[in-house]
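# Chain and residue survey
Letter by letter, the chains look like this.
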Amino acid sequence: MEKNNKRKNPFLDTIDSDSSKNDGNNGVNIYPRGNTNGNNSIEYNEVNFISDNLQMNVEKIDKLLYVEQSFDLLKRELTVGNRKAVMYYINGFCDSDMIQKIEEFFCKLKADEIPDTPERFVRDKIPYVQIDLYKDQYNVVTFILSGVVCLLVEGFHKAMLIDIRKYPDRSIEEPEKYKVLRGSRDGFVENIIRNTALIRRRIRDPKYMCEVVQVGRSSRTDIAVCYMSDKADKKLLNYIKKQLREIKTDALPMNQESLSECLHKGHWFNPFPKFRYTERPDTVAAEILEGQICILVDNSPAAMLLPTTIFDVIEEADDYYFPPITGTYLRLARTIVTLVSLILTPLFLLYANNPEFVPDWLFFTKITEPQYVPIFLQLLILELAVDGLKLAAINTPSTLNTPLSLIAAIIIGEFAVNTGWFNEQTMLYMAVVAIANFTHENYELAYSIKFLRLIMLVLTQLFNLTGLIIGLVITVLTIVSNRTIARTSYIYPLYPFDLKKFLLRFFRISIKKKM
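Let me begin by describing the structure that accompanies this report. (Residues numbered from 1 in each chain as written. Predicted model: local features only at pLDDT ≥ 70, side-chain atom pairs only at ≥ 80, totals over all residues. Heavy atoms only, no water.)

Here we take up the pairing of strand β8 (residues 221-228). Within β8, eight of the eight residues are buried, which leaves the element mostly enclosed by the surrounding structure. Burial along β8 is two-sided: the residues Thr221, Ile223, Val225 and Tyr227 and Asp222, Ala224, Cys226 and Met228 are all buried. When strand β7 (residues 208-215) meets β8, the two strands line up antiparallel, connected through eight bridges. The partner of Glu211 across the bridge, within β8, is Val225. Taken together, β7 and the strand that follows it, β8, pair antiparallel across an intervening segment of five residues, in which Gly216 is found at a positive phi of about 110°. Direction of pairing for β8 relative to strand β10 (residues 293-297): antiparallel, over a ladder of four bridges. In the strand pairing of β10, Ile223 is matched with Val297. (Buried < 20%, exposed > 50% of the residue type's maximum accessible area, 1.4 Å probe, protein only. Helix = DSSP H or I, 4+ residues; strand = E, 2+ residues; numbered from the N terminus. Pairing = 2+ DSSP bridges.)

This is the structure:
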């Protein structure tokens, strides 16, 4: 990760490895001071790991990092003035042109030009900004493995860490899952530095803070916590920092999902999302300015926003990229479609099992053709079939997506009806439900609705109208009893009730009226 030294005298000051002070980088604390995750049992804890004996330092690092066995870890011996020096770096992580320029500069130095302290050497003789000094084992080893160039010079008791990393990553483009009809087309990538820069580009306020910690004994994954210091919930912020410090895990293999399970140990039977995920920097910037907290995990393009309520999950960027009346319509349409996807098939099952419940104006919906498979089993089979098609579409090469769609349409849509497996109305209603699941971008919400719909189907089949009512009660209780990570109401501003904020959740007003 990159660091911009903005201290008054960045290299004259003694930079001890056990210092825990913030560097004063305008709210950015990229470089950890010692072990930032004290409970992770990091083994690299020798404070005076680097001494002024170069040979001893080289032997320690070679043994610790298995330099001879690791083909991607390079060691370069050179001479700086009249002093021997060794440079360590990861092949593929560093800018080769910049390494060559620095080496050329070192070759031109004369013996009488070498200062007597590493601080003055860094300040006067290295033509680069992103550099720091450490002598403890944890930081030296961590930064080498992170791709930072480590320079050891004979007679200097500190390692010079030159950050000229150039991570292999993809270009910034619009997220495939979070597209908008109007608005910016950039999105987060797997590089946490690029992601923090995309947010900083939109929030040029000194009160915007970005703090970074490391989690995981082996992975030492960088995690950025972004917030507005004057708007964020201080209690929640302190809770998140405390939880991050206390995480005991070897790695975060699944990025955000692994982190969310470590941060919040909720009830497994409540599927509604406690975090909101997005890959859009404009959405993240807007939510941070509203007082929410954003968590970025290195190697992941998705940002976590918290605390999250049910109304936050339903919102999307398109609501704000169109005029207020259009944004309001989109919100209401999305909410209505979500409710329809929850109740449509259970209602159809109720009417199919109890034709006398069907009102006269819905008489045309009665099933008249013979049923070879019970409606209840048809709906369950189609629920699984829809998920099967989703998984098949994800794992199918893009060039075969069209043939897959044709096969699904012909076999499932045509032959399944003709052979008697399904009737036309069952296929129609399940198609409506399947399409409705794609009206919102949050996968967790879609599957939460699906699980509750399945429960309502089972209860309706067993107890008819009573079962449907019980299913609706379970749905309401599941949502109402849920709590955010801040232990606040999941349905605020519905409870506790705030009429003005509740209306704003559905009816968007112009920014001018908010001012």
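With that out of the way, let us pick up empty space enclosed by the protein. Leftover empty space is mapped by rolling, across the atoms, a probe with the size of a water molecule. On inspection of all chains with the given rule, the structure shows one cavity of 30 Å³ or more. Of the voids in this model, the largest cavity is the one considered here, and its volume is about 60 Å³. Along the walls of the largest cavity sit Phe311, Ile314, Glu315, Arg331, Arg334, Thr335, Arg505 and Phe506, which together make up its complete lining. Looking at the lining of the largest cavity, the elements that each hand over two or more residues are α9 (310-314) and α11 (324-353). (1 Å grid on protein atoms, 1.4 Å probe; cavity = no way out; pocket = protein on both sides within 12 Å on 5 of 7 lines; lining within 4 Å. Points joined across faces, edges and corners; volume = space filled by probe spheres on them.)

Attention shifts here to the layout of surface pockets. Its volume calculated, the largest pocket comes out at about 1400 Å³. Elements that contribute at least two residues to the lining of the largest pocket include exactly α8 (281-289), α10 (318-321), α16 (499-504) and α17 (511-514). Broken down by element, the residue count for the lining of the largest pocket peaks at five residues, all from α8. Taken together, the residues of the lining of the largest pocket break down into 15 nonpolar, seven polar and 15 charged. (Nonpolar A, V, L, I, M, F, W, Y, C, P; charged D, E, K, R; others polar.)

Moving on: the packing of aromatic side chains. Tallied over the full model, the rule gives 11 aromatic pairs. Their ring planes at 85° and their centres at 5.0 Å tell us that Phe93 and Tyr167 sit as a pair that is edge-to-face. Here the residue Phe93 occupies a position in the loop between β3 (83-90) and α2 (96-107), and Tyr167 occupies one in the loop between β6 (159-162) and α5 (192-200), the gap between them amounting to 74 residues. According to the relative accessible area criterion, Tyr167 is partly exposed, its value standing at 24%. Among the aromatic residues, those joined into a cluster by ring pairs are Phe311, Phe497, Phe502 and Phe506. Note that Lys390 overlies the ring of Tyr447, its terminal NZ or CZ placed 5.4 Å from the centroid. (Phe/Tyr/Trp six-rings, centres within 6.5 Å; stacked < 30°, edge-to-face > 60°. Lys NZ or Arg CZ within 6 Å of the ring centre and 35° of its normal.)

Turning our eyes to something else, we now look at helix α3 (residues 118-125). Burial in α3 covers these residues: Pro118, Glu119, Phe121, Val122 and Lys125. The secondary structure elements touched by the buried residues of α3 are β2 (73-80), α2, β4 (131-134), β5 (149-153) and β6. (Contact = heavy atoms within 4.5 Å.)

Where α11 meets helix α12 (residues 375-395), the axes come as close as 10 Å, and the angle between the chain directions of the two elements is 160°. Considering their axes alone, α11 and α12 lie roughly antiparallel with respect to each other. Classified by chirality, the crossing of α12 by α11 is right-handed. Contacts from Thr345, Phe348, Leu349 and Ala352 of α11 reach α12 at Ile375, Phe376 and Leu379. Across the contact of α11 with α12, the residue classes tally to six nonpolar, one polar and no charged. (Axes fitted to C-alpha atoms, helices over the stretch in contact; angles between N-to-C directions. Parallel < 35°, antiparallel > 145°, perpendicular 65-115°, else oblique. Left-handed = near helix turned anticlockwise from the far one by under 90°.)

This part is about the pattern of salt bridges. Evaluated as defined, the whole model comprises 26 salt bridges. A salt bridge links Asp282 to Arg280; the shortest N-O distance between them is 2.8 Å. Judged by relative accessible area, Asp282 falls into the buried class, the value being 12%. Shared partners join several salt bridges into a network, and the residues in it are Asp312, Glu315, Glu316, Asp319, Arg331, Arg334 and Arg505. (Salt bridge = Lys/Arg side-chain N within 4 Å of Asp/Glu carboxyl O.)

Moving on, we come to a nonpolar patch on the surface. Residues Leu494, Tyr495, Phe497, Leu499, Leu503 and Phe507 make up a contiguous nonpolar surface patch of about 620 Å² in total accessible area. Structurally, the position occupied by Phe507 is in the loop between α16 and α17. (Patch = residues over 30% accessible without salt bridge, like charges linked within 9 Å, V, L, I, M, F, W, Y side chains within 5 Å. Areas by Shrake-Rupley, 256 points an atom, 1.4 Å probe, with all protein chains shown as cover.)

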